[in-house]
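# Reading the structure
Now for the letters of each chain:
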Amino acid sequence: MTPQPGPDRVTVGQPPSAAAGTRLDPWLGSYAERTHGMKASEIRALFAVANRPEVVSLAGGMPFLDGLPLDTLSRLAADVVAKRGLQALQYGSGQGDETLREQILDVMALEAISAHPDDVVVTTGSQQALDYVTRIFCDPGDVVVAEAPSYVGALGVFRAYQADVVHVPIDASGLIPEALEQTLARLKADGRRVKFLYTIPNFHNPAGVSLSVERRPRILEICRRYGVLVVEDNAYGLLGFDGDPTPAMRSMDDEGVLYLGTFSKTFAPGYRVGWVVAPHAVREKLVLASESAILCPSNAAQIAISTYLATCDWRGQIKQYREMYRERRDAMVGALSEHLPDCSWTVPDGGFYTWVRLPEGLDAKEMLPRAVTARVAYVPGTAFYFDGQGADHMRLSFCYPTPERIREGVRRLATVVSGEAELVELFGTAGHPDTEQVQAPSPDLA
Amino acid sequence: MTAATPAPRVVVLAGGLSHERDVSLRSGRRVAEALRSTGAEVVLHDVDADLAASLRELGPDLVWPLLHGATGEDGSVRDVLSLLGIRVLGTGARQSRIAWDKPIAKTVVARAGLATPEFVALPQTLFRELGAHRILDAMVAHLGLPLVVKPSSGGSALGVTLVTAPEDLPAAMVECFAYSDVALVERAVTGTEVAVSVLDTGSGPFALPAVEIVTDGPYDYDARYNPGRTEYFVPARLSDEVAGRVAGAALAAHAALGLARLSRTDLIVDADGTPWFLEVNVAPGMTETSLLPQAAEAAGYDLGALYRALVDAELDA
């Protein structure tokens, strides 16, 4: 059979009239206003290459799970169904499993937080807590104040709810109190409604820095004075490489702080269990938000985590993670010193990321195709800003690749940076402003 | 239609390590799905270290490379498949290599009498040796503005910039060289942007109706893959005479470049109705928003049956 075009061979579809075009989406007129800003990003497409084994991905934020006791965990998962199956497979409470909420208090006690199980709302990862918090507080046009730079996943939530993000500078000791005060004063003078400060005080994603203990009460005091709630996002606080965890901001203020926690980095992200601790009135709203969004978080996942906490050495696991990530941080920082002397970077005391400043005139987003060709990937800095800043930075993750692969990745990156620097010098282009929103890869890009 | 013959076993190659991996994977899934609907046995495979061993084990009747960019389109994967003694759907390695290199392809079709915008193709090293700004100034003086700067190979408009002011040219060059060592800089032709797919299901090449592309900005990555950004008219809003000229140009390019089984030629039709050849693709996109499937569906084809006809024709050849 040889198909030939012509009406007698029509098997599917209607020939369109010549006057009517198609946009390939019959529902184009139906989308909400907030949907129209979403774009198909070539940067995101480039990340598709990053999950191939040939590529050293310094882009994703995937924890390295190979050290988990999988035998034990598989028995534990089987027990969840065998012993508590009728509960695990049933609907549960919108606020989350009560036993787990009690256990979460033990985890938070490591950062000096004292709370009541009733203050805790279990969520599907802390990402969902972020969604609920933004949903109950932000109307379109409201302001969220966040560090410059800030977590790309949070910026995405704020954008989805049509909030505006105003960035506040940070330094090696985290958020700068004076800058925060100036920003809040300016926003107040401008008549803007600031709903909360979103902050990552420990081992910041992407900046790698931590808010010093001295600054914490000052930040809280400023926010209190301006009537601004603090949303403390603490995914990495227990993954410090030296010394004891720093007291959480929530431990210093239980009325003005919403605290977001997660098991994704200290145990494993696959169960998607996180939580938010909130003053009781806010917590009631969060529970309602949870019920309307998902009815209840997964009972099976919560019981699995609860059983893990009750029967496994979770503190030992965290210690193991800290040691492993410290070794990888050392590999990253050592390789950067060796191969990228013209760049500067933060040296994190914990967490997953370092924040690298490129030589003048280089644009991390424009350089990414060259990096992918060289089989290395990173996240361009613009992903971590609401307003197109950050072109001269890139986030490098050291959580997933082995130290050897990290060194190889940085070595490849060095050739990319030098090639790009040569090109920029050749054409005399200094970084030109780019307001296009860069999306980050999903965290599983390793 | 295929009940009498045994179902062909086809390996669709998609993915690879190019910048267009994501698009290729989507194309591959679509084609695999459409072919399966005709009863063909289809395995979707990435281009990776397992490929040669997998192909030996699978022993397919045919491989359909749906690789976009780099080794997938430049002929090298086809060379390897030939070395393995595997039958491949589409254009051969040597012709793929010519079509893949946009400056060479333009030269070949120009010799065959087609109009193609005046251009220069310059490697990055030359700018270093001769002084970048001197060359850029000469390009603007000679070709005029606006200019299109694009990597000499590759698709999906990656690294492509329309330059309307001379001061934007250096940045466009930097962006282009992030994708390729050679930049193609050509005079921008104003007109109607169309794409014409050419197929050959055994009785010789024929053109599908031209697809007209209308965007509110450049037909860039977002405009290509984010449904809604671009309005498509199939067939293109051209007079019968111009439509015939456009189809003729695509068929002529297909023939001049020695392409086989399927290709897509991108053209601009100027105010006088002259089609200007921009580039040709030996592995055109087959995603939900791609141009070849749109043209085929508008012409009344069932995609599964059409793709199957291409497979059968290749196996009968």
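This is a predicted model, so every value here is computed, not measured. Residue positions are counted from 1 within each chain, in the order its sequence is given. Whichever chain is written first is A, and whichever ligand is written first is 1; the rest continue in order. A pLDDT threshold of at least 70 governs which residues receive local features in this predicted model, and a stricter bar of 80 or more applies before side-chain atom pairs are shown or counted, although totals over entire chains, interfaces and linings include all residues.

This part covers the overall build of chain A. Each helix and strand in chain A was counted, giving 12 helices and 14 strands. Only C-alpha atoms enter the radius of gyration; for comparison, a globular chain is expected to reach 2.2 Å times N to the power 0.38, where N is the number of residues. Its C-alpha atoms give chain A a radius of gyration of 24 Å, near enough to 22 Å, the size a compact globule of 446 residues would have. Taken over 446 residues, chain A has a buried fraction of 49%. Helix and strand definitions here come from DSSP, where helices need a minimum of 4 consecutive H or I residues and strands a minimum of 2 consecutive E residues; each element is numbered from the N-terminal end. Backbone-placed C-beta atoms define the burial measure: a residue is buried with 20 or more other C-beta atoms within 10 Å of its own, exposed with 12 or fewer, and partly exposed in between.

Turning next to the overall build of chain B. Looking only at helices and strands, one finds 12 helices and 13 strands in chain B. Relative to the globule expectation of 20 Å for 317 residues, the C-alpha radius of gyration of chain B, 20 Å, shows essentially globular dimensions. Its C-alpha atoms give chain B principal-axis dimensions of about 65 × 45 × 35 Å. Here chain B, with 317 residues, has 58% of them falling under the buried criterion. Working definition of a contact: two residues with C-beta atoms, positioned from the backbone, lying within 7 Å. The long-range fraction of contacts in chain B, counting pairs at least 24 apart against all pairs at least 6 apart in sequence, stands at 68%.

By a widely used convention, the size of an interface equals the accessible area lost when the partners come together. Residues and elements named next belong to chain B. Each domain's extent is set by a domain assignment, obtained either automatically or from a database. Each assigned domain of chain B is listed with its residue range as follows: domain 1 (9-91), domain 2 (98-115 + 189-299) and domain 3 (119-187). Breaking the side of domain 2 that touches domain 3 down by element, the ones donating at least two residues are α5 (102-111) and α9 (221-225). Looking at which element gives the most residues to the side of domain 2 that touches domain 3, the answer is α5, with 3 residues. All amino acids are sorted into three groups, where Ala, Val, Leu, Ile, Met, Phe, Trp, Tyr, Cys and Pro are nonpolar, Asp, Glu, Lys and Arg are charged, and the leftover types, Gly among them, are polar. Partitioning the side of domain 2 that touches domain 3 into residue classes produces 6 nonpolar, 1 polar and 5 charged.

This next bit is on helix α7 (residues 132-143) of chain B. Residue and element names in this part refer to chain B. Relative to the 16 Å expected for 12 residues at 1.5 Å per residue, α7 spans 16 Å between its end C-alpha atoms, a close match to the ideal helical length. Buried residues of α7: A132, L136 and M139, and no others. Along α7, the residues classed as buried sweep out an arc of 60 degrees about the axis, all on the same side. Seen from the open side of α7, the exposed residues pointing more than 90 degrees away from its buried face are R134, A138, A141 and H142. One less than the number of residues in a helix, times 1.5 Å, gives the span that helix is expected to have. Note that the arc is computed from the directions linking the helix axis to the C-beta atoms.

Now for the packing of helix α4 (residues 125-137) of chain A against helix α5 (residues 152-160) of chain A. How two helices sit against one another is set out by the angle between their axes and by the gap between those axes. Residues and elements named next belong to chain A. Axis definition: a line fitted to C-alpha atoms, limited for helices to the stretch in contact. Angles are taken between N-to-C directions and run from 0 to 180 degrees. Direction vectors running N to C along α4 and α5 enclose 30 degrees, while the axes themselves pass 10 Å from each other. Classed by the angle they form, the pair α4 and α5 counts as roughly parallel. Where α4 crosses over α5, the handedness of that crossing is right-handed. Along the contact surface, α4 presents Q127, L130, D131 and T134, while α5 presents G153, A154, V157 and F158. Broken down by class, the residue content of the contact of α4 with α5 amounts to 4 nonpolar, 3 polar and 1 charged. By definition in this entry, angles of less than 35 degrees are roughly parallel, angles greater than 145 are roughly antiparallel, angles of 65 to 115 are roughly perpendicular, and the rest are oblique. Here a crossing is taken to be left-handed if its near helix is turned anticlockwise relative to the far helix by less than a right angle, and right-handed if that turn runs clockwise.

Across the chain, each position has a pLDDT score giving the predictor's confidence in that residue, from 0 to 100. Per-residue pLDDT for chain A averages 91, and the proportion of residues at 70 or more is 91%. Taken together, the stretch residues 5-18 of chain A has pLDDT below 50 and engages in 23 contacts with residues farther than four places along the chain or on a different chain.

On to the sheet that holds strand β5 (residues 147-151) of chain B, then. Residue and element names in this part refer to chain B. Taken in spatial order, the 4 strands make up an open sheet running β4-β7-β5-β6, and their pairing is antiparallel. Unpaired on one side and paired on the other, β4 (119-123) and β6 (161-163) mark the two borders of the sheet. The average undirected angle you get between the axes of adjacent strands in this sheet is 20 degrees. Where α7 meets the sheet, it contacts β4, β5 and β7 (182-187), and its direction lies at approximately 30 degrees from that of β7. Should DSSP find at least two bridges between two strands, the strands are regarded as paired.

Here we come to the confidence of the model for chain B. The predicted coordinates of low-pLDDT regions are not to be read in fine detail. The pLDDT averaged across chain B works out to 92; a share of 98% of its residues lies at or above 70. Predicted complex metrics record ipTM = 0.87 and pTM = 0.90.

For the rest of this paragraph, the subject is unusual backbone geometry. Put simply, A:A148 and A:P149 share a cis peptide bond, and its omega is 5 degrees. Cis geometry is found at the peptide bond from B:V234 to B:P235, where omega equals -5 degrees. Inspection of the secondary structure puts B:P235 in the loop between β11 (230-233) and α10 (240-256). Look at A:F203: it is not a glycine, yet its phi comes out positive at around 50 degrees. On the secondary structure map, A:F203 appears in the loop between β6 (194-199) and α7 (215-225). We note that A:R375 has phi near 70 degrees; this positive angle belongs to a residue other than glycine. Tracing the backbone through its elements, the reader meets A:R375 in the loop between α11 (364-373) and β12 (376-377). The exposure class of A:R375 is partly exposed, given the 19 C-beta atoms found within 10 Å.

Let's shift gears to the sheet that holds strand β2 (residues 41-45) of chain B. Residues and elements named next belong to chain B. Strand order in the open sheet formed by 3 strands is β2-β1-β3, with parallel pairing between adjacent strands. Each of the sheet's edge strands pairs with one partner strand only, and the pair in question is β2 and β3 (62-65). Along the sheet, successive strands turn relative to each other by an average axial angle of 25 degrees, direction set aside. Sheet topology places strand β1 (residues 9-13) next to β2; 5 bridges connect them, and they run parallel. When the bridges of β2 are listed, L13 appears paired with H45.

With that settled, consider helix α2 (residues 70-88) of chain A. For α2(A), with 19 residues, the first-to-last C-alpha span of 20 Å runs short of the 27 Å given by 1.5 Å per residue. The largest bend in α2(A) amounts to roughly 60 degrees and is located at A:A82. Here the bend at a residue means the angle between the axes of two seven-residue stretches, the one that ends at it and the one that starts at it.

All right, on to the environment of A:E408 then. Looking at the element boundaries, A:E408 is found in helix α12 (residues 403-427). Sequence separation of A:E408 and A:A335 is 73 residues, and the distance between their C-alpha atoms is 8.5 Å.

This part is about the packing of helix α1 (residues 21-36) of chain B against helix α12 (residues 303-316) of chain B. Residues and elements named next belong to chain B. For the pair α1 and α12, the least separation of the axes is 8 Å and the interaxial angle reads 90 degrees. Judged by the inter-axis angle, α1 sits roughly perpendicular to α12. In this structure, α1 uses V31, A34 and L35 to contact α12, whose residues at the interface are L303, G304, Y307, R308 and V311.

Another aspect to go through is the environment of A:K319. Residue and element names in this part refer to chain A. Topologically, K319 is positioned in helix α10 (residues 314-339). Exposure remark for K319: the 12 C-beta atoms within 10 Å place this residue in the exposed category. Distance in space between the C-alpha atoms of K319 and L239 is 8.0 Å, their sequence separation being 80 residues.

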